[in-house]
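# Chains, contacts and geometry: an overview
Read off the chains here:
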Amino acid sequence: MAQAIPFTISAQLTGDPRPDNPDNLFVDVTITGDTDTTQTFWKVDLNSPAHPDIKLGEFFFNLAGDTGDYTFSDFSPTGWTITTPANNAQGSGGADFMFVADEKTDKDKDKDKDKGKPEDADVTNTENLTFTATKTTNWLVNDFTLAPFAFSNDDEL
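Residues numbered from 1 in each chain as written. Predicted model: local features only at pLDDT ≥ 70, side-chain atom pairs only at ≥ 80, totals over all residues. Heavy atoms only, no water.

### Comments concerning the overall build of the chain
- Within the chain, the secondary structure is distributed over one helix and eight strands.
- Shown N-terminal to C-terminal, the secondary structure of the chain runs as helices and strands in the order β-β-β-β-β-β-β-β-α.
- Each of the 157 residues in the chain was classed as buried or not, and the buried ones make up 36%.
- Of the contacts made within the chain by residues no fewer than 6 positions apart, 63% connect residues no fewer than 24 positions apart.
- Put simply, the chain shows about 9,100 Å² of open surface, and 50% of that area lies on carbon and sulfur atoms. (Helix = DSSP H or I, 4+ residues; strand = E, 2+ residues; numbered from the N terminus. Buried < 20%, exposed > 50% of the residue type's maximum accessible area, 1.4 Å probe, protein only. Contact = heavy atoms within 4.5 Å. Areas by Shrake-Rupley, 256 points an atom, 1.4 Å probe, with all protein chains shown as cover.)

### Quick word on the packing of aromatic side chains
- Under the defined criterion, the tally for this structure stands at 15 aromatic pairs.
- Taken together, a centroid distance of 4.9 Å and an interplanar angle of 45° make the contact between Trp42 and Phe61 tilted. In this pair, Trp42 sits in strand β3 (residues 39–46) while Phe61 sits in strand β4 (residues 58–61), placing the two residues 19 residues apart along the sequence. Phe61 carries the same exposure label as Trp42, and that label is buried.
- Taken together, the aromatic side chains of Phe7, Trp42, Phe59, Phe61, Tyr70, Phe72, Phe75, Phe99, Phe131, Trp139 and Phe144 make up a single cluster linked through ring pairs. (Phe/Tyr/Trp six-rings, centres within 6.5 Å; stacked < 30°, edge-to-face > 60°.)

### Here's the deal with the sheet that holds strand β5 (residues 70–76)
- A sheet is described by the order of its strands in space; here five strands give the open sequence β1-β2-β3-β8-β5, paired in antiparallel fashion. Strands with a single pairing partner mark the edges of an open sheet, and in this sheet they are β1 (6–14) and β5. Neighbour to neighbour, the strand axes of the sheet diverge by 20° on average, direction disregarded. (Pairing = 2+ DSSP bridges. Axes fitted to C-alpha atoms, helices over the stretch in contact; angles between N-to-C directions.)

### A closer look at the pattern of salt bridges
- As enumerated under the stated definition, the model contains two salt bridges in all.
- Close ionic contact of Lys55 with Asp122 constitutes a salt bridge, the shortest N to O distance being 3.2 Å. Within this pair, whereas Lys55 is found in the loop between β3 and β4, its partner Asp122 is found in the loop between β7 (99–102) and β8 (129–135), the two being separated by 67 residues in sequence.
- Here Asp143 makes a salt bridge to Lys135, at a shortest N to O gap of 2.9 Å.
- When its relative accessible area of 7% is taken as the criterion, Asp143 is described as buried.
- Assessed through its relative accessible area of 10%, Lys135 is described here as buried. (Salt bridge = Lys/Arg side-chain N within 4 Å of Asp/Glu carboxyl O.)

### Notes on the environment of Pro148
- Position of Pro148 among the secondary structure elements: in the segment after α1 (142–145).
- Its relative accessible area of 44% is what places Pro148 among the partly exposed residues.
- Sequence separation of Pro148 and Gly65 is 83 residues, and the distance between their C-alpha atoms is 9.0 Å.
- For Pro148, the contacting residues outside a window of four places in its chain are Asn62, Leu63, Ala64 and Met98.

### Overview of the sheet that holds strand β6 (residues 81–83)
- Strand order in the open sheet formed by three strands is β4-β7-β6, with antiparallel pairing between adjacent strands. Edge strands, defined here as strands with exactly one partner in the open sheet, are β4 and β6. Across the sheet, the mean angle from the axis of one strand to that of its neighbour is 20°, orientation sign disregarded.
- Direction of pairing for β6 relative to β7: antiparallel, over a ladder of three bridges.

This is the structure in C-alpha cells:
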C-alpha cells in the first residue's frame with residue numbers, strides 16, 4: 001500500500017522583474033497538500049511593507065496537465081475567481097498562463113479593478129488570498145515542478 005507524502009511548496013515572487021527588485025514588491029506563495037488527496041491549499045501573501053497601500057489584483061500561475069484537471073473553491077476573501085486561459089498577463093510582456101486568480105467578479109466590466117467586486121475582496125499586506133485547488137486525481141509534486149513556463153515577449157522580463 002502506498003503511503004501519503006505530505007508536501008509544502010513555497011516561493012517568494014517579486015512584482016518587479018529586475019534582478020535587484022528595486023521596487024521591493026514581494027508575494028509569498030505557499031501550497032500544502034499530500035500525495036493521497038485531490039486537494040491542495042494555497043496561500044498568496046502580499047508581503048510588501050515598503051508599500052503599505054498596495055493591493056493584489058491578479059495572480060497568474062501554471063500547473064502540469066490540462067486545465068480541465070483542476071477546479072478551485074473556498075476563496076478568502078470572497079469575490080475572487082480563477083479563470084482559464086490567462087492570456088497576455090498585464091505587465092508580463094505578453095506572457096500567457098493557464099490560470100489567473102482575479103478579484104473582479106464581473107469580467108465584462110472595464111479594466112478598473114474596483115468595478116464589479118465586493119468591498120471585502122481586497123488582498124493587501126494584511127489580508128492574504130487563500131483557496132483550495134482540487135485535481136481530478138491525487139496531487140503530485142510534479143504537478144508544480146513540471147508545469148509549463150510562461151514566456152514574455154520582452155527580453156528584460
